Structure formats: structure tokens, C-alpha cells
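What the coordinates show
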Amino acid sequence: MSNKLLVRRAAVLGAGVMGAQIAAHLANAGVDVILYDLPAKSGDPNGIVLKAIANLGKLSPAPLAAKDRAGAIVPANYDQHLPLLAGCDLIVEAIAERLDWKKDLYAKVAPHVAGHAILASNTSGLSIEALASVLDESLHERFCGLHFFNPPRYMHLAELIPCAKTSPKVLDNLETFLTTALGKGVVRAKDTPNFIGNRIGVFSILSTFHHTQAFGLGFDVVDALTGPAIGRPKSATYRTADVVGLDTMAHVIQTMADTLPNDPWHGYFAVPELLKALIAQGALGQKTGAGFFRKLGKDIQVLDPAARDYRASASEVAPEVAEMLKIRDPAAKFAALRASSQPQAQFLWAIFRDLFHYSAYHLASIADTARDVDFAIRWGYGWKLGPFETWQAAGWQQVAGWIADDIAAGKAMSSAPLPAWVLDGRDGVHGPGGSYSPAKNAELPRSSLPVYRRQRFPDPLLGERFDAGQTVFETDAVRLWHDGDGIAVLGFKTKMHTVNDGVIAGVQQAVDCAERDFAGLVIWQDSEPFSAGADLKGAMGLLQAGRVADFEAMIAQFQAASMRIKHAQVPVVAAVRGMALGGGCEFQMHCARTVAALESYIGLVEAGVGLLPGGGGLKEIALRASVAAGDGGDVFAQLKPYFETVAMAKVSTSALEAKQMGLLRPDDVVVFHAHELLHVAKAQVRALAESGWRPPIPARRIAAAGDVGIATFKMLLVNMLEGRFISKHDFEVASRIATVLCGGAVDRGAPVDEDWLLRLEREHFVALAQMPKTQERIVHTLTTGKPLRN
């Protein structure tokens with residue numbers, strides 16, 4: 001039976017912040033999408049939707065992966081355009097969280113839903129069964145909850161929630177579509193209030209609110225404790241509340257209070273008085289400029305409840321607690337926190353204890369397995385480990401005993417007992433057979449849906465290990481391996497996958513091996529980024545030691561590696577995700593094809609450290625510009641946008657934008673799920689190999705923009721220098737970039753070859769690298785991680 005859902009056209013009902021962003025992400029994926037809302041009271045009837053679409057371009061982070069994708073969103077209103085729903089395969093309702101409003105809308109749209117279409121609600125916690133009650137029975141099997149997390153382009157989680165009669169095939173098909181087409185991590189939740197992610201996540205926030213007050217800690221201190229220090233996002237707790245909106249936070253808390261009257265923790269499901277006071281004053285967080293925090297000029301201030309005013313944010317973690325948080329062994333770390341009398345340590349133990357207690361108590365009612373809870377929190381809230389993973393890493397039985405002791409002593413937020421399965425002698429909930437299911441009292445394996453066969457290395461849970469494949473060769477810098485499928489895979493082992501001598505040599509050796517023993521080669525990293533660029537530290541070492549000849553030889557070898565990739569006798573495919581900067585970008589530019597995850601940030605950024613691309617990137621741009629111009633065409637016009645991109649060290653905000661910038665080619669492939677990247681890259685290798693791959697013939701007649709092009713670029717730069725938009729060294733760097741792109745001091749239109757351009761690249765790269773101001777930039781970047789404009 002096929003699990004394929006063909007979504008030729010989709011509709012989103014509701015053009016609020018969430019609905020518009022869901023429509024934007026469908027448009028990112030190339031889905032023809034209609035966005036509905038109420039008709040405007042005056043002017044264009046679609047005015048509400050048009051305003052929402054226009055607003056997409058102003059939001060940060062950007063919902064649209066490329067600005068032109070907004071054109072794929074068709075504006076519509078409920079009065080005039082409901083018949084268009086008949087042509088939609090997927091309809092997502094995303095209006096306000098009012099059960100009565102949603103039911104009214106369903107009654108209105110149901111007659112127009114096609115007989116095969118799926119209708120889904122993006123509710124964040126309302127009953128799916130209650131929503132289904134207004135629909136005709138015939139639609140129940142095609143109705144479910146589909147809860148995206150905000151912002152939907154970036155948050156990996158999508159919760160799928162069936163009603164009593166939702167067809168299993170519908171759920172399987174929708175999960176497959178969400179995974180591959182939209183890049184989501186799908187978790188199936190039971191139809192309980194707030195489902196999984198928000199049920200556990202909001203409880204964690206409420207618990208933090210409670211213990212903040214109980215231990216008398218400042219909001220800034222709590223954020224310092226509950227952010228990266230414990231594997232959670234920088235926004236931590238109170239900054240997250242400010243970003244979400246304090247009014248929204250209050251609504252979610254109230255929903256829990258209204259819908260979970262029998263929850264043993266119900267007494268804590270109340271909007272804190274301080275939160276009510278802030279909302280009453282109009283301090284709703286980031287959107288109003290003040291909440292728990294406010295920004296005054298460049299300073300961040302935090303609310304001091306006792307003084308009823310803001311003060312400078314200190315964010316001080318007690319030194320002894322900071323030392324505890326550095327303990328690598330989780331069991332020892334938790335033991336130290338629990339044993340300490342320091343209020344900050346006691347606070348941390350308390351929020352973890354109550355989170356573990358709550359998650360275990362409710363696991364059976366909200367999810368099928370512990371895996372679903374951990375993934376929902378990791379993917380929906382950005383935590384490095386889910387609650388059960390954290391507990392298991394700290395020693396399951398040790399922590400379970402402590403929780404039981406605290407419950408008995410009245411220290412826990414609830415006296416509800418731990419479920420019997422927690423104390424049955426187990427080591428945890430994730431094991432070799434899968435993850436624990438209370439309903440089955442057994443470990444259940446991951447989903448067997450065919451779509452997951454596309455993930456050679458899925459997102460691992462604590463303790464999960466996947467077969468690393470058969471090693472062909474391994475050095476300190478790289479590893480070449482295969483799965484017995486005729487395709488070799490090369491990964492870098494350097495920090496941030498930077499390109500050093502070892503990587504350069506490894507690339508050339510890998511191509512040799514692939515030509516001899518394999519059908520093709522994929523360059524793929526087991527984690528982000530693809531590559532942060534050249535190893536600047538190593539390069540600076542050569543320069544500071546006065547080894548200029550060795551430095552130039554290294555650049556020559558870098559170029560040779562790029563050309564070896566390009567002219568390999570087997571197809572070489574780059575599998576890019578995350579950053580592909582500088583040399584990483586240049587390597588992928590020379591591959592037969594690039595397969596890039598949507599969230600790929602690609603750029604030739606060398607100008608930022610006073611250099612120019614020296615691994616063949618400028619040569620490749622000159623070649624692409626010449627081809628695009630055609631015989632007798634205007635090469636300079638083709639070079640101009642590239643020049644601006646390189647001279648300003650621009651980085652794409654997505655793989656789609658990288659295509660528009662020319663750093664990816666039109667036939668390069670964009671993949672939405674990063675864990676499918678290797679699968680698709682291998683498929684591209686097979687397709688190229690099976691179609692009789694031949695490398696490109698070395699380009700010998702590249703039309704140069706020449707001296708006229710250089711002069712024109714320099715005129716633009718002089719204006720920027722005189723207007724003080726750039727420094728003298730910026731002028732120097734950009735002038736040399738222009739010189740290489742234009743092919744040097746030759747006549748306009750003169751033919752040059754790749755070797756000529758590579759020599760120019762090398763010559764100007766080495767010259768810039770020896771300049772004091774460039775070296776100052778490199779040292780500053782290595783020291784601070786930030787660019788220096790000198």
C-alpha cells in the first residue's frame with residue numbers, strides 16, 4: 001500500500017501569524033497554497049490576507065526561504081473563494097484557539113472539501129474529537145490534528161493527533177509528506193489537552209515560575225541557569241516567555257487550568273499574579289518592548305518584583321553551582337546539585353525533579369512511548385536532551401529513589417506517586433529494543449514507515465548507535481567509508497569541518513579511491529556544519545613563521561583538490577547542511593552536483609578576514625558568468641551581482657537563496673529533511689553514474705571582463721571609499737577580487753583558461769595574506785569570533 005500523499009495544492013485557513021507562516025513553509029516546499037481569512041471590511045476583500053503575506057517579509061527569523069516564494073501564496077477570503085477548496089489535497093485550519101469559532105468554520109468549509117482531501121487543525125491543545133463532532137462522519141477518517149511549532153520553518157516538530165476514526169493510512173500518508181516534503185520530525189500524540197510538547201513544556205515553565213519564587217531568585221539568574229548551562233536554548237525561560245508573548249503564555253496556562261481539572265498538579269495551573277500585573281500594564285514582552293526584560297539603549301534590564309521596577313541584568317550564577325554544571329558525568333552532577341544547600345543548586349534539582357515526576361506520571365496518557373516525549377521536547381523546545389533522556393543519563397534508579405524520597409517528604413510539587421514501572425528495577429526507558437511503552441509494558445522500536453528508510457542516520461536518542469559503515473581509509477583529518485552499495489562517503493574530522501592540509505590531502509586520496517573502486521563519491525558530514533571554511537589558525541602559523549612558500553604551496557594544493565573534485569572520472573556530490581563557508585563553499589561549487597538541506601547557509605566570506613576566495617571559487621564564478629553571458633554577451637553584467645556577494649561576504653539565509661545568489665546551480669537539489677540528505681545525495685550519484693557521467697572538459701575559452709571590467713568595479717569602489725562606506729583595506733581586498741573575477745589586465749572579451757584564473761587567485765590571495773591589516777583581521781576573528789573592519 002502506498003504511503004504517498006500527493007499535495008498538488010493546499011489551503012491554510014487563517015492568516016494570523018501562525019497560519020501565514022505555515023502557508024509560507026508550504027510555499028518554500030514548492031506547494032501551490034491558498035491562504036484564507038475573513039473578507040476585509042473595506043478596500044480589497046482579500047486585504048487581511050494580502051497584509052499577512054506582505055508581513056512575512058518583515059518577520060525575523062524569515063518564514064520565507066526566498067522572498068519570491070511569497071508569490072506562490074494565493075490570497076482568498078471565506079465569502080468569495082470557498083469553492084477553491086475543492087481543488088485542494090490538504091487543508092490546514094489555523095485560526096484562533098476558540099472551539100466555537102473552529103466549529104463554525106468547519107461547518108462552513110466542510111461542503112467544499114474534496115472526497116480525498118485531508119482536513120487538519122493546527123490547534124495547540126484543543127480536543128480533536130470535539131472538533132470532529134461538527135463534521136460529517138464521512139470526513140472523520142480524513143480529519144486529524146496537525147500541530148506545527150512556532151516558527152514552523154525552523155522548529156522541527158509537528159505533532160499528529162488522530163480523532164477516534166482517523167484512518168491509519170491517512171496518518172501514515174500525512175507523516176510521510178510532513179517528513180520529506182516539509183522536513184518535519186513527526187511525533188504522534190494522544191488526544192489529550194496540549195498534546196505532548198506543550199503539555200510537558202508548559203509544565204516545565206510553570207514549575208520554573210513556582211521555584212523561582214520559592215527560592216527567591218531573580219529572573220536573570222534563572223535564565224542564566226536554565227539556558228545553555230543545562231542544554232537548553234539561550235532564550236532560557238523568561239526571555240522565551242517574553243518572545244512568545246506574556247498574554248499568549250497566560251492563555252496557554254489558563255487552557256491547562258480549564259481542560260485539566262483532575263491533574264494532580266492542577267493547583268499550579270494558575271496565571272502567576274506577577275504575570276497578570278504585567279499584562280494589565282501592557283508589558284506583554286518583546287512585542288511591546290517590556291516584559292520580564294526590557295532593552296534600554298544597548299543595555300538589557302530585568303524586572304525586580306520587589307522594587308516594582310527594572311534594574312541592570314546581572315545573570316550571576318553562583319561559582320560553586322557553575323562548577324557543578326561543568327561536571328561531565330550526569331550522575332555525579334545531579335548528586336552534587338541535590339546534596340548542595342546553595343539555593344541555585346536546590347532550584348535546579350527541584351525543576352528537574354518535578355519535570356521527571358510529571359513526565360513519568362502522564363506518559364501513559366499522552367504518548368505511546370518515552371521516545372515521543374523526548375523527541376517532542378527536543379524538536380519543539382530546542383532542548384539537547386528530552387526529560388527521560390536526561391533522567392536516564394543521570395542514573396535512572398538513583399534519581400527515581402530521590403524523587404520518591406522528596407514526594408514522601410512533601411518537597412515535590414505533587415504527592416502523586418511515581419508509576420510502578422518507574423521503580424521496577426529498570427535502567428531507563430530507552431534500550432536496544434526501542435523505547436518504553438507503558439501500554440505495552442515493553443520497548444517499542446522506531447516507526448517502520450518506509451519514509452524512515454531514507455534516514456541512514458536518524459536523530460539519535462540517548463545511547464542509540466547506528467552502523468558507521470565500512471572504513472576504506474581514515475586519517476586524523478578525514479574518513480572514507482561505504483555501505484557496500486558502490487558509493488564512497490567522505491567526512492571531515494576537523495573542528496567545524498574546517499579545511500586544512502590533512503583535509504586537502506584526504507579529498508584527493510578519496511577521489512583516487514572512488515575512481516578506482518566506486519561508482520561515485522559523496523562529501524557528507526555526520527553533523528553540522530558542512531564546513532566553516534579554511535583552517536585560519538594553521539594558515540596564520542605558516543605566515544607568522546615566515547614560510548610564505550609553504551603557504552602558497554598549501555593554496556595551490558587547495559586549488560588542486562577543488563579541480564580534482566571537478567574533473568574526477570566518477571561523479572562527486574556534496575551533501576550540504578548548515579554552514580558551507582569559504583573553502584567549504586568552494587568545494588561544493590566544484591562538485592558534479594550539490595544536494596543542500598533547506599537550512600544551508602552558504603557564502604564566500606573570505607573578504608571578512610581581508611582575503612579573497614583562493615580555492616577556485618572566483619575562477620568558478622568567472623566561468624559561470626562567461627557561460628551565462630554566451631558568445632559576445634555582457635560578461636560584466638553577469639559578474640556584478642557575484643562581485644557584490646563576494647566583496648560583501650554575503651551568506652545565504654537558505655539553500656533556495658543560495659540558488660538565487662548563484663552559489664548553488666539551478667540543477668542542484670534542495671532537501672527539506674536534513675537526515676535524508678545522504679540518501680538523496682547517493683541517489684544523485686547513482687543517477688549521474690548510470691547516465692554515463694563524464695567530467696567537464698577543462699574550460700579554455702572563458703570570456704574575461706578584462707581591464708574595462710576592473711576599472712568599472714574600481715569606480716564603484718572609489719565612490720564607496722569616498723562616502724566612507726568602506727575602509728582603505730576593504731578597497732584593497734575588493735579591488736583584488738574584481739581583478740581576479742575579470743581575468744586580470746587583459747582586453748575585454750579576451751579568452752582565458754581555468755589555469756590562468758587559478759594563478760590570479762593564488763597570486764592575490766598570497767599577497768593579501770601577507771598584509772598587516774589582513775593578518776590583524778585574521779587574528780581578531782580567531783580571538784573573538786567576530787570580524788574586524790580596519
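Notes on the structure follow. Since this is a predicted model, take the numbers as computed values, not measurements.

A few words on helix α13 (residues 330-339). Regarding α13, the residues found buried are Lys-333, Phe-334 and Leu-337. The buried residues of α13 all sit within an arc of 90 degrees when viewed along its axis, so they share a single face. Buried-residue contacts for α13 involve α12 (319-325), α14 (343-366), α16 (387-393) and α17 (396-408).

To continue, consider unusual backbone geometry. Excluding glycine, a negative phi dihedral is what most residues carry, and trans is how most peptide bonds are arranged. Each neighbour pair has its own omega, and for Ser-60 with Pro-61 the value is 0 degrees, a cis peptide bond. Tracing the chain through its elements places Pro-61 in the loop between α2 (47-56) and β3 (73-77). Look at the link from Asn-150 to Pro-151: it is a cis peptide, with omega at 0 degrees. For Asn-194, which is not glycine, the phi dihedral falls at a positive 65 degrees.

Moving on: the state of the cysteines. If you walk through the whole model with that rule in mind, you get 0 disulfides. This cysteine, Cys-144, is not joined by any disulfide, and Cys-163 carries the nearest cysteine sulfur, 8.1 Å off. Residue classification places Cys-144 among the buried positions, given a relative accessible area of 0%. Between Cys-513, a cysteine without a disulfide, and Cys-591, which holds the nearest cysteine sulfur, the sulfur-to-sulfur distance is 16 Å. Using a relative accessible area of 7% as the deciding quantity, one classes Cys-513 as buried.

On to the sheet that holds strand β15 (residues 470-474), then. Reading across from one edge, β15-β16-β17-β18-β19-β20-β21 is the order of the 7 strands in this open sheet, with mixed pairing throughout. Lying at the two open borders of the sheet, with one neighbouring strand each, are β15 and β21 (669-671). Across the sheet, the mean angle separating the axes of adjacent strands is 25 degrees when strand polarity is ignored. In this structure, strand β17 (residues 487-492) lies alongside strand β18 (residues 520-524), joined through 4 bridges in parallel fashion. Across the sheet, Ala-488 pairs through a bridge with Leu-521, a residue of β18.

We now examine the nonpolar core. Judged by nonpolar contacts, the single largest core of 111 residues is most densely connected at Phe-292, Phe-388 and Trp-391. Looking at this core element by element, the count peaks at 12 residues for α14. Counting residues in hydrophobic clusters, the runner-up holds 79 residues, among them Val-503, Val-511, Met-589 and Val-740.

Most of strand β2 (residues 32-37) is tucked away, with 5 of its 6 residues classed as buried. Pairing analysis gives 5 bridges linking strand β1 (residues 9-13) to β2, with the strands arranged parallel. Opposite Val-12, over in β2, you have Leu-35 as the bridge partner. Read from β1 through helix α1 (residues 17-28) to β2, the crossover connection turns out right-handed. Judged from the 5 bridges that link them, β2 and β3 form a sheet pairing that is parallel. Looking across to β3, one finds that Val-33 is bridged to Ile-73. As a crossover connection, the stretch from β2 through α2 into β3 is right-handed.

This part covers the packing of aromatic side chains. Two aromatic rings, taken as a pair, are described by how far apart their centres are and by the angle between their planes. In this structure the tally under the stated criterion is 32 aromatic pairs. Aromatic pair Tyr-36 and Tyr-78: ring centres 6.0 Å apart, planes at 5 degrees, arrangement stacked. With Tyr-36 in strand β2 and Tyr-78 in the loop between β3 and β4 (90-93), this residue pair connects regions lying 42 residues apart in the sequence. Like Tyr-78, Tyr-36 is buried. On the numbers, 5.3 Å between centres and 15 degrees between planes, the contact of Phe-209 with Tyr-238 is stacked. Placement of the pair is Phe-209 in helix α7 (residues 197-214) and Tyr-238 in helix α9 (residues 238-244), with a sequence separation of 29 residues. Put simply, the rings of Phe-334, Phe-352, Phe-356, Phe-388, Trp-391, Trp-396, Trp-421 and Tyr-436 touch in pairs and so form one group of aromatic residues. One residue, Arg-456, lies across the ring of Phe-457, its end atom 4.3 Å from the ring centre. A cation over a ring is seen here: Arg-759 above Trp-756, with NZ or CZ 4.6 Å from the ring centre.

Parameters at a glance
- Residues numbered from 1 in each chain as written.
- Predicted model: local features only at pLDDT ≥ 70, side-chain atom pairs only at ≥ 80, totals over all residues.
- Heavy atoms only, no water.
- Buried < 20%, exposed > 50% of the residue type's maximum accessible area, 1.4 Å probe, protein only.
- Helix = DSSP H or I, 4+ residues; strand = E, 2+ residues; numbered from the N terminus.
- Arc of directions from axis to C-beta.
- Contact = heavy atoms within 4.5 Å.
- Disulfide = S-S within 2.5 Å.
- Pairing = 2+ DSSP bridges.
- Axes fitted to C-alpha atoms, helices over the stretch in contact; angles between N-to-C directions.
- Core = buried A, V, L, I, M, F, W, Y, C linked by side-chain atoms within 4.5 Å.
- Right-handed = clockwise from strand over helix to strand, strands pointing away.
- Phe/Tyr/Trp six-rings, centres within 6.5 Å; stacked < 30°, edge-to-face > 60°.
- Lys NZ or Arg CZ within 6 Å of the ring centre and 35° of its normal.

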